[in-house]
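Geometric and topological summary
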Amino acid sequence: MAHEEDDGQVLPDTPGVRSDGDGVTRRRPLRERHVEETVEVAVPVRTAYNQWTQFKTFPRFSTVVRDVEQIRPTVTAWTIGYGPLRHRFSVEIVEQDPDAYLAWRGLEQHPTHQGEIEFRPTESGGTAITVRMLLQPHGAAKVLTRSSRVTELTARLVRGELVNFKHFIEGLGQEGGAWRGTIRNGRVQHDTPEPPRSRVAQWPVG
């Protein structure tokens, strides 16, 4: 389940944004990664991005995702597994730019991974989707990630899921929904600021 006490702060290596000296805010990709896979899909960027952000549809094409539950606007709980084996964990979206970029981190007591996904237009009018992941196991499992075989297996799984998504969205031809919001440091950005709230119940603000 999600950690309600989490304050949404970006972890040291978490993908996010940086403000350069010129005052322009730019995305900062993962500085370290174990996995990077790319697939090209024959739909426009907007279509690919819109469908990808419909997380509840992942079980329709994924071989490992069994269920996705929306906990909060930036937090989802995922159930993955093979056969009778199941594992449930929560992730937080820390950065999200429509049609371009999405970065997440695990919210387990001992997070096992973090990652990012980029959407780029291709010359043919399609979309190149790139997923990068940093594995963060703990205890005995930490030793296993030093093995190239573990990284290769993870990369193969990510690649397979990207190919499954490619077939899924190309088969649909158009997205089944969309969420076009922007997220910064784990918080949804609003176009207009919320009006001040009165400290006295039922009193109008003005």
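The present account deals with the structure reproduced in this document. Everything numeric in this text was worked out from a predicted model, so none of it was measured. (Residues numbered from 1 in each chain as written. Predicted model: local features only at pLDDT ≥ 70, side-chain atom pairs only at ≥ 80, totals over all residues. Heavy atoms only, no water.)

This part is about the overall build of the protein. When its secondary structure is counted, the protein shows 3 helices and 11 strands. Of the accessible surface of the protein, which amounts to about 12000 Å², a share of 52% is contributed by carbon and sulfur atoms. (Helix = DSSP H or I, 4+ residues; strand = E, 2+ residues; numbered from the N terminus. Areas by Shrake-Rupley, 256 points an atom, 1.4 Å probe, with all protein chains shown as cover.)

With that out of the way, let us pick up the pairing of strand 5 (residues 75-80). With 5 of 6 residues buried, strand 5 lies mostly within the body of the structure. The turn joining strand 4 (residues 65-72) and strand 5, which pair antiparallel and follow one another in sequence, is formed by 2 residues. With 6 bridges joining them, strand 5 and strand 6 (residues 87-97) adopt antiparallel strand pairing. Looking across to strand 6, one finds that Thr-79 is bridged to Arg-88. Between the antiparallel neighbours strand 5 and strand 6 lie 6 residues, among them Gly-83 with a positive phi of about 55°. (Buried < 20%, exposed > 50% of the residue type's maximum accessible area, 1.4 Å probe, protein only. Pairing = 2+ DSSP bridges.)

Attention now moves to unusual backbone geometry. Look at Asp-99: it is not a glycine, yet its phi comes out positive at around 65°. Position of Asp-99 among the secondary structure elements: in the loop between strand 6 and strand 7 (101-106).

A few words on the environment of Thr-112. Turning to its location among the elements, Thr-112 is positioned in the loop between strand 7 and strand 8 (113-121). Residue class for Thr-112 comes out partly exposed when judged on its relative accessible area of 37%. Sequence separation of Thr-112 and Leu-134 is 22 residues, and the distance between their C-alpha atoms is 8.6 Å.

This part is about helix 1 (residues 45-52). For helix 1, the tally of buried residues reaches 7 of 8 residues, placing the bulk of the element in the interior. Taken together, the buried positions of helix 1 are Val-45, Thr-47, Ala-48, Tyr-49, Asn-50, Gln-51 and Trp-52.

You can see Glu-37 is positioned in strand 3 (residues 35-41). Separated by 118 residues in the primary sequence, Glu-37 and Ala-155 place their C-alpha atoms 6.9 Å from one another. Not counting chain neighbours up to four residues away, the residues in contact with Glu-37 comprise Ile-129, Thr-130, Val-131, Ala-155, Val-158, Arg-159 and Leu-162. (Contact = heavy atoms within 4.5 Å.)

Moving on, we come to the packing of aromatic side chains. This model, assessed by the stated rule, comprises 9 aromatic pairs. On the basis of an interplanar angle of 75° and a centroid distance of 4.9 Å, the ring pair of Trp-52 and Phe-165 is categorised as edge-to-face. Residue Trp-52 is found in helix 1, and its partner Phe-165 is found in helix 3 (residues 148-172); the two are separated by 113 residues along the sequence. The interplanar angle of 50° and the centroid separation of 5.0 Å between the aromatic rings of Phe-58 and Phe-61 together place this pair among those described as tilted. Under the relative-accessibility criterion, Phe-61 is labelled buried at 10%. Taken together, Trp-52, Phe-55, Phe-58, Phe-61, Trp-78, Phe-165 and Phe-168 form an aromatic cluster joined through their ring pairs. (Phe/Tyr/Trp six-rings, centres within 6.5 Å; stacked < 30°, edge-to-face > 60°.)

Take the environment of Val-39 next. With respect to the helices and strands, the residue Val-39 is situated in strand 3. The exposure class of Val-39 is buried, given its relative accessible area of 6%. Along the sequence, Val-39 and Ala-128 sit 89 residues apart, while their C-alpha atoms lie 5.8 Å from each other. Non-local contacts of Val-39, meaning those with residues more than four positions away in its chain, are made with Thr-127, Ala-128, Ile-129, Arg-159, Leu-162 and Lys-166.

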